[in-house]
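Listed below are the residues making up each chain.
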Number of protein chains: 2
Amino acid sequence: MANITIFGQGNMGQAIASVFTSGGHQVDFVGKEGLARPAGDVVVLAVPYAAVPSIIEANKEALTGKILVDISNPVNFENMDELVTPVDSSAAEEIAKLIPEARVVKGFNTTFAATLATKSVAGKETTTVQLASDDQEAKDIVAGYIQEGGLNTIDAGALKRARELEAMGFLQITLAAREQLNWTAGFAVIK
Amino acid sequence: MANITIFGQGNMGQAIASVFTSGGHQVDFVGKEGLARPAGDVVVLAVPYAAVPSIIEANKEALTGKILVDISNPVNFENMDELVTPVDSSAAEEIAKLIPEARVVKGFNTTFAATLATKSVAGKETTTVQLASDDQEAKDIVAGYIQEGGLNTIDAGALKRARELEAMGFLQITLAAREQLNWTAGFAVIK
């Protein structure tokens, strides 16, 4: 049984927690006050991208050596027309620069909360979590925990692929916001 | 019945032709020699991205006022690690700059050829063609022809969304090239 720490108790944080707990793992939530106890083996940043830097700054020591899962879609929600990250980077890469001591894994950003909670995309296909990281072992560990929770995973390659994952996550959000698809549906990965 | 001109007779050109012909439309293929006759109402550029500028240059007059469908994924196939287009643009936007007289629609770049030919993603979900354009009427016309061919479409918004569609197409290609998924499968869109 792994200990997993999740920053943020919004829809995404709760849905991700349900995946890990149904896989038999222990989940602790952490609020804005910072870590109340030592971080788990895996730490998930389920907060808006804008909140990430201060969390990392406040918890740098506790996060050192940990697997740090970035789920963010750094969308400019004021215009819904662009990402706020540099065009030749990604949220995940920016986070890895902020804390090179952590083992950063990108994941959960192309799956709406409802598809994690129900484990399916609109009841039609098993939800697949796409994972990207430069740390293969860290990526495989996270993939294992997700699979134990009943979801599929796919290895999306190096952390640089977070650029494409975040573009895909952004596109999916715009499609739902424009009512072209449902928040319980979206992109399914069929192997 | 619409007349559709397709540049390129590769896997994608042929698969796209099959969609339009099964919808009752007329398709003419054009090779590198350029247009042998007046272009159809819709012209599809089913050639590698590198071949697009010379085709546009040679056929500028014939393409004026036409609906021009860009299906390209401008991947750097030497390293499979980046796109060759500027990071703050897309192939579709670059093409629109080359020929502002055409009505550019981005489409077919997130659907592997086999999923167009069989009309399904690995036999599981009906294939969905994502379309982006600044010309709503042109986008709706192309969507109608595709739907008549038995596929689904989704309106992905303005032409700028081609950035995300091309990132998604690139990601899908890397996943298949790395044998994480099949060339008959990939990303399905569930509404």
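Further up the page is the structure itself.
So, here is what we can say about the structure in this document. (Residues numbered from 1 in each chain as written. Chains lettered and ligands numbered in written order. Predicted model: local features only at pLDDT ≥ 70, side-chain atom pairs only at ≥ 80, totals over all residues. Heavy atoms only, no water.)

### Side note on the relation of the copies chain A and chain B
Defined as follows: Here the copies are superposed with least squares, the fitted atoms being C-alpha atoms of residues at a pLDDT of at least 70 in both.
By a simple turn and slide, chain A fits onto chain B: the slide is 0.0 Å along the axis, the RMSD is 0.0 Å, and the turn is 180 degrees. Taken together, the rotation angle and the small translation identify this as a two-fold axis. Relative to the rotation axis, the closest C-alpha in chain A is found at Ala188 of chain A, a distance of 2.5 Å.

### Quick word on the side chain of Asp70 of chain A
Residues and elements named next belong to chain A. As a reminder, the rule being used: Helix and strand assignments follow DSSP, with helices taken as H or I runs no shorter than four residues and strands as E runs no shorter than two, numbered in order from the N terminus. A 1.4 Å probe rolled over the protein chains alone gives each residue an accessible area, and that area as a share of the maximum for its type sets the label: buried under 20%, exposed over 50%, partly exposed in between. Any pair of nitrogen or oxygen atoms within 3.5 Å is treated as a polar contact; in protein, a donor-acceptor pairing is required on top of that, and neighbouring residues in sequence qualify only through side-chain atoms on both sides.
Its location among the elements puts Asp70 in strand E4 (residues 67–70). On the basis of relative accessibility, which here comes to 0%, the residue Asp70 falls in the buried class. At 2.8 Å, the side chain of Asp70 and the side chain of Lys106 are in polar contact.

### Digging into the packing of aromatic side chains
Residue and element names in this part refer to chain B. Basically, it comes down to this: We call Phe, Tyr and Trp rings a pair once their centres come within 6.5 Å, taking the six-membered ring for Trp, and we label the pair stacked below 30 degrees between planes, edge-to-face above 60, and tilted otherwise.
Applying the stated criterion to the full structure yields four aromatic pairs over all chains. Between Phe20 and Phe108 the ring centres are 6.0 Å apart and the planes differ by 80 degrees, which places this aromatic pair in the edge-to-face class. Here Phe20 is found in helix H1 (residues 11–22), whereas its partner Phe108 is found in the loop between strand E5 (103–106) and helix H5 (113–117), with 88 residues between them in sequence. Accessibility classification places Phe20 together with Phe108 in one group, the buried group. When the centroid spacing of 4.8 Å and the interplanar angle of 55 degrees are considered together, the rings of Phe112 and Trp183 count as tilted. You can see Phe112 sitting in the loop between E5 and H5 and its partner Trp183 sitting in the loop between helix H7 (162–177) and strand E10 (186–190), a full 71 residues away along the chain.

### Points about the sheet that holds E5 of chain B
Strand pairs in the sheet, formed through backbone hydrogen bonds, run parallel or antiparallel to each other. Residues and elements named next belong to chain B. We count it as follows: Any two strands are treated as partners once DSSP identifies two or more bridges connecting them. Fitting a line to C-alpha atoms yields each axis, with helices limited to the stretch in contact; the angle taken between N-to-C directions then spans 0 to 180 degrees. The criterion used for residue contact is that any of the two residues' heavy atoms lie within 4.5 Å.
With parallel pairing, the five strands of this open sheet are ordered in space as E2-E1-E3-E4-E5. This sheet does not close on itself; its edge strands, each paired only once, are strand E2 (26–30) and E5. Looking at each pair of strands side by side, their axes are set apart by 25 degrees on average, direction ignored. Those strands touched by helix H4 (residues 91–98) are strand E3 (42–45), strand E4 (67–70) and E5, and its axis lies near 170 degrees from that of E5. Contacting strand E1 (3–7), E3, E4 and E5, helix H6 (residues 136–148) runs over the sheet at an angle of about 50 degrees to E5.

### A closer look at the interface of chain A and chain B
Rule in force here: The buried area of a pairing is the accessible area, by a 1.4 Å probe, that goes missing from both parts when the two are put together, added over both. We define a salt bridge as a contact between a side-chain nitrogen of Lys or Arg and a carboxyl oxygen of Asp or Glu at a distance within 4 Å. Three classes are used: nonpolar for Ala, Val, Leu, Ile, Met, Phe, Trp, Tyr, Cys and Pro, charged for Asp, Glu, Lys and Arg, and polar for all others, with Gly counted as polar.
Listed as interface residues are 35 residues of chain A and, on the opposing side, 35 residues of chain B. Buried surface at the junction of chain A and chain B, both sides included, amounts to about 2900 Å², of which 59% is carbon and sulfur. It is Arg161, Leu171 and Ile190 of chain A in chain A that bury the most area against chain B; as a group they hold 20% of the surface buried on that side. With a closest N to O distance of 2.8 Å, Asp81 of chain A and Arg161 of chain B form a salt bridge. Counting the contacts that link chain A with chain B gives 13 residue pairs in polar contact (both at pLDDT 80 or more). Sorting the residues of the side of chain A that touches chain B by element identifies strand E9 (152–155), helix H7 (162–177) and strand E10 (186–190) of chain A as the ones contributing at least two each. Per-element tally for the side of chain A that touches chain B: the top contributor is H7 of chain A, with eight residues. Across the side of chain A that touches chain B, the residue classes break down as 18 nonpolar, six polar and 11 charged.

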